[in-house]
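# Per-entry structural report
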Amino acid sequence: MSVSEAQNKFGRVSELTLRAVRRGEKTVLPDVAATMPFKVMHPFAVPAATLVGASGAEGLAEQAAQVMVMSTSAGIMAGDDQRVRVAVGAGAALQVTTQAFEKVHRMEPGQSASRATELIVEDGGYLDYSPQPMIPFAGSAYAAETEARLGGPGARLVYEEVLSCGRAARGERFGYRSFRNRVRVDVAGTPVYLDNALYDPQAMPMEDLGFYEGFSHLGNLVLVNCGVGEAAFSAVRDYLRDETGVIGAAAGSPVGAATGSDAISGGVTRLDSGDVCVRLLGHRAQRLGDVFKKVRGLLSELA
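The following paragraphs examine the structure supplied in this document. These numbers come from a predicted model, not from an experiment. (Residues numbered from 1 in each chain as written. Predicted model: local features only at pLDDT ≥ 70, side-chain atom pairs only at ≥ 80, totals over all residues. Heavy atoms only, no water.)

## Comments concerning the side chain of Thr-244
Its location among the elements puts Thr-244 in helix H1 (residues 230–244). In this structure the side chain of Thr-244 is engaged in a polar contact, spanning 2.9 Å, whose partner is the backbone oxygen of Leu-240. Leaving out residues up to four positions away in the same chain, Thr-244 has contacts with Ile-264, Ser-265 and Gly-266. (Helix = DSSP H or I, 4+ residues; strand = E, 2+ residues; numbered from the N terminus. Polar contact = N/O pair within 3.5 Å; in protein donor to acceptor, adjacent residues only side chain to side chain. Contact = heavy atoms within 4.5 Å.)

## Brief notes about H1
Because each turn of an α-helix spans 3.6 residues, side chains separated by three or four positions end up pointing in the same direction. Counted at 1.5 Å a residue, the expected span for H1 with its 15 residues is 21 Å, and the 21 Å between its end C-alpha atoms agrees. Listed in full, the buried residues belonging to H1 are Ala-232, Phe-233, Ser-234, Val-236, Tyr-239, Leu-240 and Thr-244. As for H1, its buried residues are in contact with strand S17 (264–270), strand S18 (276–282) and helix H2 (285–301). (Expected span 1.5 Å × (residues − 1). Buried < 20%, exposed > 50% of the residue type's maximum accessible area, 1.4 Å probe, protein only.)

## Regarding the pattern of salt bridges
Applying the stated criterion to the full structure yields 20 salt bridges. Measuring nitrogen to oxygen at the nearest pair gives 2.9 Å for the salt bridge that ties Arg-184 to Asp-186. Given the relative accessible area of 23%, Arg-184 is considered partly exposed. Put simply, Arg-287 and Glu-243 hold a salt bridge, and the shortest N to O gap is 2.8 Å. Here Arg-287 is found in helix H2, whereas its partner Glu-243 is found in helix H1, with 44 residues between them in sequence. Judged by its relative accessible area of 13%, Arg-287 is buried. Several salt bridges converge on common partners, so that one network encompasses Arg-85, Glu-118 and Arg-149. (Salt bridge = Lys/Arg side-chain N within 4 Å of Asp/Glu carboxyl O.)

## Re the packing of aromatic side chains
Inspection of every chain in the model, using the stated rule, returns six aromatic pairs. The interplanar angle of 75 degrees and the centroid separation of 5.0 Å between the aromatic rings of Phe-174 and Tyr-212 together place this pair among those described as edge-to-face. Taken together, the residues span a long stretch of sequence, with Phe-174 in the loop between strand S13 (156–164) and strand S14 (178–187) and Tyr-212 in the loop between strand S15 (190–199) and strand S16 (217–224) at a distance of 38 residues. Exposure class is identical for Phe-174 and Tyr-212. Each is buried. (Phe/Tyr/Trp six-rings, centres within 6.5 Å; stacked < 30°, edge-to-face > 60°.)

## Let's talk about H2
With 17 residues, H2 ought to run about 24 Å at 1.5 Å a step, and its terminal C-alpha atoms sit 24 Å apart, in line with that. Of the residues making up H2, those classed as buried are Ala-285, Arg-287, Leu-288, Val-291, Phe-292, Val-295, Arg-296, Leu-298 and Leu-299. Summarising the contacts, the buried residues of H2 are in contact with strand S10 (126–130), S13, S16, H1, S17 and S18.

## What about the pairing of strand S12 (residues 141–150)?
With nine bridges connecting them, strand S9 (residues 113–121) and S12 associate as parallel partners. Residue pairing in the sheet places Ala-116 in a bridge with Glu-145 of S12. Pairing analysis gives 10 bridges linking S12 to S14, with the strands arranged parallel. Along S14, the bridge assignment pairs Ala-148 with Val-185. (Pairing = 2+ DSSP bridges.)

## Some points on the side chain of Ser-73
Mapped onto the secondary structure, Ser-73 falls in the loop between strand S5 (63–71) and strand S6 (81–88). A relative accessible area of 19% means that Ser-73 is categorised as buried. At 2.8 Å, the side chain of Ser-73 forms a polar contact with the backbone oxygen of Gly-75.

## Considering the pairing of strand S2 (residues 26–34)
The two faces of the sheet receive side chains in turn, since in a regular strand these alternate between them. Across seven bridges, strand S1 (residues 13–23) lies against S2 in antiparallel orientation. Within S2, the residue paired with Leu-18 across the bridge is Val-32. Connecting S1 to the next strand, S2, in antiparallel fashion are two residues, including Gly-24 with a positive phi near 65 degrees.

## What about the packing of H1 against H2?
Between H1 and H2, whose axes approach to 9 Å, the crossing angle comes to 150 degrees. Comparing their axes, H2 and H1 come out roughly antiparallel. Like other packed secondary-structure pairs, H1 and H2 cross with a definite hand, here right-handed. Residues Ala-232, Ala-235, Val-236, Tyr-239, Leu-240 and Glu-243 of H1 form the contact with H2, whose own contacting residues are Arg-287, Val-291, Lys-294, Val-295, Leu-298 and Leu-299. Its residues placed into classes, the contact of H1 with H2 shows nine nonpolar, no polar and three charged. (Axes fitted to C-alpha atoms, helices over the stretch in contact; angles between N-to-C directions. Parallel < 35°, antiparallel > 145°, perpendicular 65-115°, else oblique. Left-handed = near helix turned anticlockwise from the far one by under 90°. Nonpolar A, V, L, I, M, F, W, Y, C, P; charged D, E, K, R; others polar.)

Below is the structure:
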């Protein structure tokens, strides 16, 4: 029996809830709840000062909590309705990631899956939310909605994501039926970032300018209220220019360029709010992850 023919034994609704608060100089999670297939590893303690955007934050606990979310399922199946809620209190610092690449499996016509993610950061809190890359298989239809609500200018958020064209090595470039990924960040009720991607490969030129431009992976790194000064911004801009050549020059990379190609395209920009977004195109998820790691390092060094 193929994965697409298998029954989804975990049911149609899965929920994950994490709440982090400050206790003394530590960040603790008094509320952790998960239904299958979600599982949560025991939190690790990490120095808050090592997290990008956390340096210099007043009232932040010295010790942050690092959490890895796991899944007992082979991936996202037809009919899945996943709901994730992460809340961070004032003075708490939380870093959330996932165990492995997220696979969205093939679905029969008319079937789909969805995930709604709610991120809440109180004024004075810090959240780094960086799930592993998403891989939509051929024939899948998936919609993700992420709403981040920050309580004020002292609420800090780092959001990282990587979206792939599918299993390119298996000839499944943009073989999915539809893929939606909507991310919105509000600060004290005012929207500061909105990315509403809705891809329909049957009707859209996914390889063309303005889409994936011959690349196979798209990455976004957004930092809100993280105090990125001009020196740090310039350092990131110069680093990315060195990695891509003239910004955008790599956009002409041929479709299906060597899977191991390190060519990337993209850059860094200031949002109207003064916050920062880095957007990259590449041929490997690991390559984009390495570039984002370097960007994080530069921002931490020059904070």
